[in-house]
Amino acid sequence: MVQPKTIIEKIWEKHVVHEEEGKPDLLYIDLHLVHEVTSPQAFEGLRMNNRKVRRPDLTYATMDHNVPTKNRDVIKDQVSQKQMETLKKNCEENGITLADMNNPNQGIVHVIGPELGLTQPGKTIVCGDSHTSTHGAFGALAFGIGTSEVEHVLATQSLWQDRPKTLNVHVEGGLGTGVTAKDLILAIIAKYGVRFGTGHVIEFTGEAIRNLSMEGRMTVCNMSIEAGARAGLISPDEKTVDYLKGKKHVPEGEAFTELAEQWRELATDEGAVYDKTLTIDADEVEPQVTWGTNPGMGVPVSGRTPGLDEVEDVEGVERALEYMGLEEKQPISSIGIDHVFIGSCTNSRLSDLKKAAAIVQGKQVNENVRAIVVPGSFSTKLQAEKEGLDTIFKQAGFEWREAGCSMCLAMNDDIVPPGGRCASTSNRNFEGRQGNGARTHLVSPEMAAAAAIEGQFVDVRQFAGVLN
Amino acid sequence: MEAIQEHTGLVYPLNRTNVDTDQIIPKQFLKRIERSGFGQFLFYHWRFDDDGNQRADFGLNNPKYENATILLAGENFGCGSSREHAPWALLDYGFRVIIAPSFADIFYNNALKNGIIPIQMDQEQLDKWMEQAEHSTLTLTVDLENQTVKNTEQQAVHFDIPAYHKEKLLNGWDEIALTLQHEDKIEEYENV
Ligand code: SF4
């Protein structure tokens, strides 16, 4: 009998170009996504060494981190402008397809990959960005790399990688109404910490994962990196196949049928063994809110900040509370906010926007709150507008923007001011992430929408309009 | 990449866990298109206040650590974004060695690619050095060939580093050139 294998092992074995005792494996890379911030030095390195891009056809670039989300014709920031021009020049010189700021395919790199069907099961995918793990939702092995590695992949279409350990995060049961994929992944990280995935690739399994939409799966895989994992993925199934059918870069007809068959075979075999397994009960997950300065510092919305007498890392918790301007044992429901950001590669897809819109429909954003919605891609934005979501948001008092990373990392003008407090659907609540001195609380799109209306955190399940 | 065999230097103790790359180098400084010049922005919001003045309460601003080249830190150093600007900033500032109980995976790789030695050390040993570096000063010598860290009393502590990475650091090898020695295999893979 053939040894049962995990999808991680299957993908790995198909991509080893060279192996040698005592060394990492040389792994072939099927898709290399490139953006403006982590690539200029890599192209420069190639030029200095007279090297060429080996497979421009397997490389795809876009602009997302720096781009303005309004008034695109005037980029005030000269340095950002230069970075974008550099990417354009590098792509032209090397024959790489680029979805620049005015291209209908533009968007956050982890949103457009799946939308365009570039992301497919079984592929090895890299990008100079840690949230590349997002693409794992399709059963791809996708991970973030540094700029030296970007240069390496450009030059050789391969990467030296140590064989990862495998970790099964098994999610039983089902999520309640108003409890989302975002709450699930936040609850997992709150429970097991920001390091439990280190050195591992996570496969998410179980009934609750199967029941998630592809968008929800992307949200979960997106935040695998916040658990320290090298990548996170989910075995493909019919949902995966259906999602990809008809996408721009996915073959049609017979070729598709054949491909889909190969995808199905990738799924982890019954009885395959992981290096480690963790189990979570989805029924117990409540809407989550982070209170601190890393994604593991989260509690249910009904909870409170920890007491200093309850924690091990007293100094760390004290620092986090101080930075966040919160007291120990302070109820989450007592925290007022002044900013809401709905966007980022975690939660800026059409279904996220739909669910948030359902909450705010016919209501008004609290007078103390500035709220913005930044769709993940140009095409998401277009689709949302077709469905009238922009009108719902605007009538409620939200700003409706162009696609980009925006306030997730505040490299453009979308910044939370010092001391400002933001309910954000992004993935990182590090000090200064959304602006120097800014305080970030990570939540689901539904929770962010409800907070925008109330001006403070409330349990979205008490709100009318919660979509399942 | 500059080869590194042995390094002796002054220690700066950063007694914090989960130091993320947003702290090592904040995003507003990621817009340069060169690899150089990031050192001035290292730990920017910890070193400087909103008006750009040095914060007296941040250790690295203490003159006694001015020439530090070895960084001690808490668990999970370098977590967060994949930005290689983080090791560039550390290197440009003068750090050649980072010692911590654990590192985030991407950061660990990024450090190695830039000739920084990331040394994983057990918490107990680290605490001792941390205390010494905080209360007086501490100079350590890292011998990569023999995989030891020594203090001035010559007590040597062993550390682990994968042989493959060690060899590259010792020789300052260009990884792309190494890989291109296998170009025939890459081609073969592509043609199947
Ligand atoms: S949206 Fe945020 S996390 Fe995602 S790629 Fe952009 S900056 Fe990174």
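Please read these numbers as outputs of a predicted model, since none were measured by experiment.

Notes on the overall build of chain B
Right, on to step 1. A tally of regular secondary structure across chain B gives eight helices and seven strands.
Right, on to step 2. Against the globule reference of 16 Å for 192 residues, chain B gives a C-alpha radius of gyration of 18 Å, in line with a compact fold.
Right, on to step 3. For chain B, the C-alpha atoms occupy an extent of roughly 60 × 45 × 25 Å along the three principal directions.
Right, on to step 4. Buried positions account for 58% of the 192 residues belonging to chain B.
Right, on to step 5. Partitioning the intrachain contacts of chain B with sequence separation of at least 6 by distance along the chain shows that 65% fall at a separation of at least 24.
Right, on to step 6. Of the accessible surface of chain B, which amounts to about 8000 Å², a share of 43% is contributed by carbon and sulfur atoms.

Notes on the interface of chain B and chain A
A common measure of how large an interface is: the accessible area buried when the components associate.
Right, on to step 1. Each partner contributes residues to the interface: chain B has 50 residues there, and chain A has 65 residues.
Right, on to step 2. Here chain B meets chain A over a buried area of about 4600 Å², counting both sides, of which 51% is carbon and sulfur.
Right, on to step 3. Among the residues of chain B in contact with chain A, Lys31(B), Ile33(B) and Tyr189(B) are the three that bury the most area, contributing 16% of the side total.
Right, on to step 4. Across the chain B-chain A interface, the total number found is nine salt bridges.
Right, on to step 5. One salt bridge connects Arg54(A) with Glu183(B), and the closest N-O pair in it is separated by 3.2 Å.
Right, on to step 6. Here chain B and chain A share 33 residue pairs in polar contact (both at pLDDT 80 or more) between them.
Right, on to step 7. Elements that contribute at least two residues to the side of chain B that touches chain A include exactly helix H1 (21-24), helix H2 (44-47), helix H3 (85-93), helix H4 (105-113), helix H6 (163-171), helix H7 (175-180) and helix H8 (183-191) of chain B.
Right, on to step 8. Per-element tally for the side of chain B that touches chain A: the top contributor is H8(B), with six residues.
Right, on to step 9. Of the residues that constitute the side of chain B that touches chain A, the class distribution is 13 nonpolar, 17 polar and 20 charged.

A look at helix H3 (residues 78-94) of chain A
All names here are of chain A.
Right, on to step 1. End to end, H3 covers 24 Å across 17 residues, agreeing with the expected 24 Å (1.5 Å per residue, within 8%).
Right, on to step 2. Check the buried side of H3 and you find it contacts strand E3 (31-34), helix H2 (40-48), strand E4 (59-62) and strand E5 (97-99).
Right, on to step 3. The backbone nitrogen of valine 79 has a side-chain oxygen 2.9 Å away, supplied by the residue at the start of H3, namely aspartate 77.
Right, on to step 4. Positive phi shows up at glycine 95, right after H3, with a value of about 70°.

Here we look at the side chain of Arg51(A)
Right, on to step 1. By the element assignment, Arg51(A) lies in the loop between H2 and E4.
Right, on to step 2. Side chain to side chain, Arg51(A) and Asp174(B) meet in a polar contact 2.8 Å long.
Right, on to step 3. Those residues in contact with Arg51(A) that sit more than four places away from it in its chain are Leu46(A), Ala155(A), Asp174(B), Ile176(B), Ala177(B) and Leu180(B).

Re the site of the ligand
Residue and element names in this part refer to chain A.
Right, on to step 1. Around the ligand, the neighbouring residues are His65, Ile108, His110, Asp129, His131, Ser344, Cys345, Cys405, Cys408, Leu409, Asn427 and Arg433.
Right, on to step 2. Split into classes, the residues belonging to the shell around the ligand amount to five nonpolar, five polar and two charged.
Right, on to step 3. Composition of the shell around the ligand by domain shows at least three residues from each of domain 1 (7-162 + 245-261) and domain 3 (288-466).

Side note on the UniProt feature "binding site: [4Fe-4S] cluster" (unreviewed entry) in chain A
Residue and element names in this part refer to chain A.
Right, on to step 1. UniProt records the feature "binding site: [4Fe-4S] cluster" (unreviewed entry) for Cys345, Cys405 and Cys408 in the present numbering. Judged by maximum C-alpha separation, these annotated positions cover 64 residues in sequence but sit close together in space, the widest gap being only 8.7 Å.
Right, on to step 2. Mapped onto the elements, cysteine 405 comes out in the loop between strand E17 (399-400) and strand E18 (421-424).
Right, on to step 3. Taking relative accessible area as the criterion, cysteine 405 reaches 7% and is therefore assigned buried.
Right, on to step 4. The residues contacting cysteine 405, other than those within four sequence positions of it, are Asp64, His65, Ile108 and Phe341.
Right, on to step 5. Examined against the element boundaries, cysteine 408 turns out to sit in the loop between E17 and E18.

Some points on the sheet that holds strand E15 (residues 339-342) of chain A
Residues and elements named next belong to chain A.
Right, on to step 1. Strand order in the open sheet formed by five strands is E17-E16-E15-E18-E19, and the pairing between neighbours is parallel. Two strands bound the open sheet, and with one partner strand each, they are E17 and strand E19 (439-442).
Right, on to step 2. With four bridges connecting them, E18 and E19 associate as parallel partners. When the bridges of E19 are listed, alanine 423 appears paired with histidine 441.
Right, on to step 3. Contacting E18 and E19, helix H11 (residues 314-324) runs over the sheet at an angle of about 105° to E19.
Right, on to step 4. Across the sheet, helix H15 (residues 445-454) lies against E15, strand E16 (370-373) and E18, angled at about 150° from E15, the strand it touches most.

A word on the confidence of the model for chain B
Right, on to step 1. Averaged over chain B, the pLDDT score is 94; the fraction of residues at 70 or greater is 100%.
Right, on to step 2. The ipTM for the predicted assembly is 0.91, set against a pTM of 0.95.

Considering the side chain of Thr179(B)
Right, on to step 1. Note on placement: Thr179(B) falls in helix H7.
Right, on to step 2. Judged by relative accessible area, which is 0%, Thr179(B) ranks as buried.
Right, on to step 3. Polar side-chain contacts of Thr179(B) include one of 2.7 Å to the side chain of Trp160(A).
Right, on to step 4. Not counting residues within four places of it along the chain, the set of residues in contact with Thr179(B) comprises Leu26(A), His152(A), Thr156(A), Ser158(A), Trp160(A) and Ile186(B).

Structural notes on the packing of aromatic side chains
Right, on to step 1. Applying the stated criterion across every chain, the model contains 22 aromatic pairs over all chains.
Right, on to step 2. Considering the side-chain rings of Phe393(A) and Phe398(A), the 5.2 Å spacing of their centres and the 70° angle between planes classify their relative orientation as edge-to-face.
Right, on to step 3. Owing to a relative accessible area of 0%, Phe393(A) belongs among the buried residues under this scheme.
Right, on to step 4. Each ring, one from Phe43(B) and one from Phe58(B), has its centre 6.2 Å from the other, and the planes form 65°; the classification is edge-to-face.

Brief notes about the environment of Gln120(A)
All names here are of chain A.
Right, on to step 1. Along the polypeptide, glutamine 120 turns up in the loop between helix H4 (109-115) and strand E6 (124-127).
Right, on to step 2. Linking glutamine 120 and alanine 137, residues 17 residues apart in sequence, is a C-alpha distance of 9.5 Å.
Right, on to step 3. Dropping the residues within four chain positions of it, glutamine 120 is found in contact with Ile125, Phe138, Ala140, Leu244, His249, Val250, Pro251, Leu259 and Trp263.

Some words on the pairing of strand E1 (residues 6-14) of chain B
Residues and elements named next belong to chain B.
Right, on to step 1. Of all the nine residues making up E1, seven are buried; the element is thus mostly covered by neighbouring parts of the structure.
Right, on to step 2. The pairing of E1 with strand E5 (residues 139-143) spans five bridges and is antiparallel. Looking across to E5, one finds that leucine 10 is bridged to threonine 139.

Brief notes about the pattern of salt bridges
Right, on to step 1. What the rule picks out here adds up to 38 salt bridges over all chains.
Right, on to step 2. Asp414(A) serves as the salt-bridge partner of Arg401(A), at 2.9 Å between the closest nitrogen and oxygen. Linking Arg401(A) in the loop between E17 and E18 with Asp414(A) in the loop between E17 and E18, this pair joins segments that are 13 residues apart in sequence.
Right, on to step 3. Under the relative-accessibility criterion, Arg401(A) is labelled buried at 3%.
Right, on to step 4. Several salt bridges share partner residues, and in doing so they unite Arg54(A), Arg55(A), Asp57(A), Glu183(B) and Glu190(B) into one network.

Definitions and cut-offs
Residues numbered from 1 in each chain as written. Chains lettered and ligands numbered in written order. Predicted model: local features only at pLDDT ≥ 70, side-chain atom pairs only at ≥ 80, totals over all residues. Heavy atoms only, no water. Helix = DSSP H or I, 4+ residues; strand = E, 2+ residues; numbered from the N terminus. Rg over C-alpha atoms; globule rule 2.2 N^0.38 Å. Buried < 20%, exposed > 50% of the residue type's maximum accessible area, 1.4 Å probe, protein only. Contact = heavy atoms within 4.5 Å. Areas by Shrake-Rupley, 256 points an atom, 1.4 Å probe, with all protein chains shown as cover. Buried area = accessible area lost by both parts, 1.4 Å probe. Salt bridge = Lys/Arg side-chain N within 4 Å of Asp/Glu carboxyl O. Polar contact = N/O pair within 3.5 Å; in protein donor to acceptor, adjacent residues only side chain to side chain. Nonpolar A, V, L, I, M, F, W, Y, C, P; charged D, E, K, R; others polar. Expected span 1.5 Å × (residues − 1). Near = heavy atom within 4 Å. Domains from an automatic or database assignment. UniProt positions renumbered as here; feature names shortened; annotations may be inferred. Pairing = 2+ DSSP bridges. Axes fitted to C-alpha atoms, helices over the stretch in contact; angles between N-to-C directions. pLDDT = per-residue confidence, 0-100. Phe/Tyr/Trp six-rings, centres within 6.5 Å; stacked < 30°, edge-to-face > 60°.

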